[in-house]
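These are the residues of each chain, in order.
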Amino acid sequence: MPEGRIIKSLSGFYYVLHDGQVTQCRGRGVFRKKKVTPLVGDEVVFQADNELEGYILEIKERKNELVRPPISNVDQALLVFSAIEPDFSTVLLDRFLALVESNDIQPVICISKVDLLSEKQKQLIEQYAEDYRKIGYEVILTSTVMESGIAEIKPLFENQITVIAGQSGVGKSSLLNVLKPELELKTNDISTSLGRGKHTTRHVELISFGEGLVADTPGFSSLEFLTLEVEELSHCFPEMSRLSEDCKFRGCLHVKEPKCAVKQAVENQAIPAYRYEHYLQFVEEIKQRKPRY
């Protein structure tokens, strides 16, 4: 039986890529009985007599799975954050980073619209970029108007399944259009009255980018820590995870415990204070979360 990857899901049909060809498939009833829904990104076994009448027989084991957007087997997330319009937000970026890290997805930070910055604003953005690079993240500053940073992003997609995520209006579709002009993705200017973009992406679809696949998605429509536990959160902050072994108490949450290496690093400015403040904010949020039944 042939094997392929679901690259689009629409109206009950699954479009499976196999040897450069796309076959329209339906899921077998057995998936419904098991309450398993095929996802974009799934590696599947299917059978088909032609390109329009196929059936998915088996879904291979997933290495990860996102709920919103519904996609599986993601290798990396390109997190697009605008430097301005809307303003760069470290707390929102840290929320995205924690969610991505919790799903074992490699994040890459893209700060867009740098051409709109004043010299003073640019210095601040470059300082933030340096903070995140010290943690170990790849940070690329881009401008689709000047086409700067684009050459650095292109090679990242090779042999990877990439999700492009970020809040509305930061230029995700503009970036994809510069990277691959034939896409002609719909974009709208920022709504100044609302302070957010009006671009809407209707469905999840994997688009071929060289030897890789990129998902143009509505981004993470849920940014809540629905399944992450307090004890797991510090592992989603790499700089804290590395220091955890030096804490006096095993399982240290880096909140009120004495002789905590993370708190010491914050005092010594080895960890930016804003990162630690966001961590504490997320800890409290998870503690206040209503139990799931």
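A few points on the structure. All values derive from a computational prediction rather than experimental measurement.

Rules of the game
Residues numbered from 1 in each chain as written. Predicted model: local features only at pLDDT ≥ 70, side-chain atom pairs only at ≥ 80, totals over all residues. Heavy atoms only, no water. Phe/Tyr/Trp six-rings, centres within 6.5 Å; stacked < 30°, edge-to-face > 60°. Helix = DSSP H or I, 4+ residues; strand = E, 2+ residues; numbered from the N terminus. Buried < 20%, exposed > 50% of the residue type's maximum accessible area, 1.4 Å probe, protein only. Lys NZ or Arg CZ within 6 Å of the ring centre and 35° of its normal. Core = buried A, V, L, I, M, F, W, Y, C linked by side-chain atoms within 4.5 Å. Contact = heavy atoms within 4.5 Å. Salt bridge = Lys/Arg side-chain N within 4 Å of Asp/Glu carboxyl O. Pairing = 2+ DSSP bridges.

Another point: the packing of aromatic side chains. To describe a pair of aromatic rings, you give the distance between the ring centres and the angle between the ring planes. Applying the stated rule across the entire model yields 10 aromatic pairs. Look at F81 and F96: their rings are 5.4 Å apart centre to centre, the planes differ by 90°, and that puts the pair in the edge-to-face class. Remark: F96 occurs in helix α2 (residues 90–102) and F81 occurs in strand β8 (residues 76–82); sequence separation between them is 15 residues. Accessibility classification places F81 together with F96 in one group, the buried group. When the centroid spacing of 6.4 Å and the interplanar angle of 50° are considered together, the rings of Y132 and Y274 count as tilted. Here Y274 lies in helix α9 (residues 273–288) and Y132 lies in helix α3 (residues 119–135), a separation of 142 residues in the sequence. Y274 sits in the buried class, given a relative accessible area of 16%. Positioned over the ring face of Y15 is K8, at 4.8 Å from the centre of the ring. Across the ring face of Y55, the terminal group of R28 is positioned such that the distance to the ring centre comes to 4.5 Å.

Among the nonpolar cores identified, the biggest contains 70 residues, and I56, I71, L79, I111, Y132 and L233 are the most heavily contacted of them. Looking at this core, the element that brings in the most residues is α2, giving seven residues. Excluding anything up to four places from it in sequence, I71 contacts L39, V40, E65, L66, V163, V204, L206 and A215.

Two side chains carrying opposite charge are able to pair once their charged atoms lie near each other. Here the structure, examined in full by the defined rule, presents 10 salt bridges. Close ionic contact of E43 with R5 constitutes a salt bridge, the shortest N to O distance being 3.2 Å. Note that E43 is positioned in strand β4 (residues 43–48) and R5 in strand β1 (residues 3–10), a separation of 38 residues in sequence. Overall, E43 belongs to the partly exposed group, its relative accessible area being 35%.

Okay, the pairing of strand β3 (residues 21–27) next. As paired strands, strand β2 (residues 13–18) and β3 are joined by five bridges and run antiparallel to one another. Bridge pairing links V16 to T23 in β3. Between β2 and β3, which pair antiparallel one after the other, the connecting turn spans two residues, and D19 there sits at a positive phi close to 50°. As paired elements, β3 and strand β5 (residues 54–59) share three bridges and run parallel to each other. The partner of R26 across the bridge, within β5, is Y55.

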